[in-house]
Amino acid sequence: MYNEICRSYAEVAEKICADGIIPTGEVVQYMRENVPEFDYKNGGLSLNRDGFHLSLDYGRLAAGLCWYNTLLGGDILHNSFVPEIDGVRADESLVYKVRSAVKNALESISEQ
């Protein structure tokens, strides 16, 4: 499914003459493959809440940081936002790992 989504996005971007796409899917895939805490297949946390939609905490944080950096050039590592779900703040050490992973993923993608 991931490969088909990437192919579809690239096709649409070409059709509408967009400069590119916001690589949210690539960032999430990078996190699954490179951050043990989010390697769900091996006991890590899932970045999804139902198999398709991003989790309300770390999944959406990763997507938001990706958009923030891509559209606004925002500094991912020094962004102070910490998600809160039902009054419970996300684990700040995991939030830092998400920030670092998104930054690394975007740098890796831009080098390709």
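Residues numbered from 1 in each chain as written. Predicted model: local features only at pLDDT ≥ 70, side-chain atom pairs only at ≥ 80, totals over all residues. Heavy atoms only, no water.

1. Some remarks on the pattern of salt bridges
Pairing between side chains of opposite charge can happen when the charged atoms of each approach one another. Here the structure, examined in full by the defined rule, presents six salt bridges. What you see here is one network of salt bridges that share partners, running through Glu4, Arg7, Glu11 and Lys15. (Salt bridge = Lys/Arg side-chain N within 4 Å of Asp/Glu carboxyl O.)

2. A look at the packing of aromatic side chains
Scanning the model with the defined rule gives one aromatic pair in all. Ring plane angle 55° and centroid distance 5.6 Å describe the contact between Phe38 and Tyr58, whose orientation is recorded as tilted. A residue pair is termed long-range when its members are at least 10 positions apart, and Phe38 in the loop between helix 2 (24-34) and helix 3 (58-72) and Tyr58 in helix 3 qualify at 20 residues. Looking at Phe38, the relative accessible area reads 1%, which means it is buried. (Phe/Tyr/Trp six-rings, centres within 6.5 Å; stacked < 30°, edge-to-face > 60°. Helix = DSSP H or I, 4+ residues; strand = E, 2+ residues; numbered from the N terminus. Buried < 20%, exposed > 50% of the residue type's maximum accessible area, 1.4 Å probe, protein only.)

3. Re the environment of Glu4
Structurally, Glu4 can be placed in helix 1 (residues 2-15). A sequence separation of 37 residues divides Glu4 from Lys41, and the C-alpha atoms of the two residues are 21 Å apart. Side-chain polar atoms of Glu4 contact the side chain of Arg7, separated by 3.0 Å. (Polar contact = N/O pair within 3.5 Å; in protein donor to acceptor, adjacent residues only side chain to side chain.)

4. Comments concerning a nonpolar patch on the surface
Together, Met1, Ile5, Tyr9, Ile21 and Phe52 line one region of the surface with nonpolar side chains, adding up to about 550 Å² of accessible area. Note that Met1 resides in the segment before helix 1. Residue class for Met1 comes out exposed when judged on its relative accessible area of 67%. (Patch = residues over 30% accessible without salt bridge, like charges linked within 9 Å, V, L, I, M, F, W, Y side chains within 5 Å. Areas by Shrake-Rupley, 256 points an atom, 1.4 Å probe, with all protein chains shown as cover.)

5. Observations regarding the confidence of the model for the chain
Caution applies to low-pLDDT regions: their predicted coordinates should not be interpreted in detail. When pLDDT is averaged along the chain, the result is 92, and 100% of the positions lie at 70 or above. Across the chain, the element-wise mean pLDDT spans from 86 in helix 1 up to 95 in helix 3. (pLDDT = per-residue confidence, 0-100.)

6. Some points on the nonpolar core
In this structure, Val27, Met31, Phe38, Tyr58, Val98 and Val102 are the most contacted members of the largest nonpolar core, which totals 21 residues. Elements represented by at least two residues in this core include exactly helix 2, helix 3 and helix 4 (92-111). Among the elements that take part in this core, helix 4 stands out by supplying seven residues, more than any other. Setting aside chain neighbours within four positions, we find Met31 in contact with Phe38, Leu47, Ala62, Val98, Ala101 and Val102. (Core = buried A, V, L, I, M, F, W, Y, C linked by side-chain atoms within 4.5 Å. Contact = heavy atoms within 4.5 Å.)

7. Remarks on unusual backbone geometry
For Cys17, which is not glycine, the phi dihedral falls at a positive 60°. Relative to the helices and strands, Cys17 is located in the loop between helix 1 and helix 2. The exposed category is assigned to Cys17, whose relative accessible area is 67%. Phi at Asp86 is positive, roughly 50°, even though this residue is not glycine. Note on placement: Asp86 falls in the loop between strand 1 (84-85) and strand 2 (88-89).

8. Let's talk about the packing of helix 3 against helix 4
Contact geometry for helix 3 and helix 4: axes closest at 10 Å, N-to-C directions at 45°. It follows that helix 3 is oblique to helix 4 by the angle criterion. The hand of the helix 3/helix 4 crossing is right-handed. Between helix 3 and helix 4, the residues in contact are Tyr58, Leu61, Ala62, Leu65, Cys66, Asn69 and Thr70 and Leu94, Val95, Val98, Arg99, Val102 and Leu106, respectively. Among the residues forming the contact of helix 3 with helix 4, the class breakdown is 10 nonpolar, two polar and one charged. (Axes fitted to C-alpha atoms, helices over the stretch in contact; angles between N-to-C directions. Parallel < 35°, antiparallel > 145°, perpendicular 65-115°, else oblique. Left-handed = near helix turned anticlockwise from the far one by under 90°. Nonpolar A, V, L, I, M, F, W, Y, C, P; charged D, E, K, R; others polar.)

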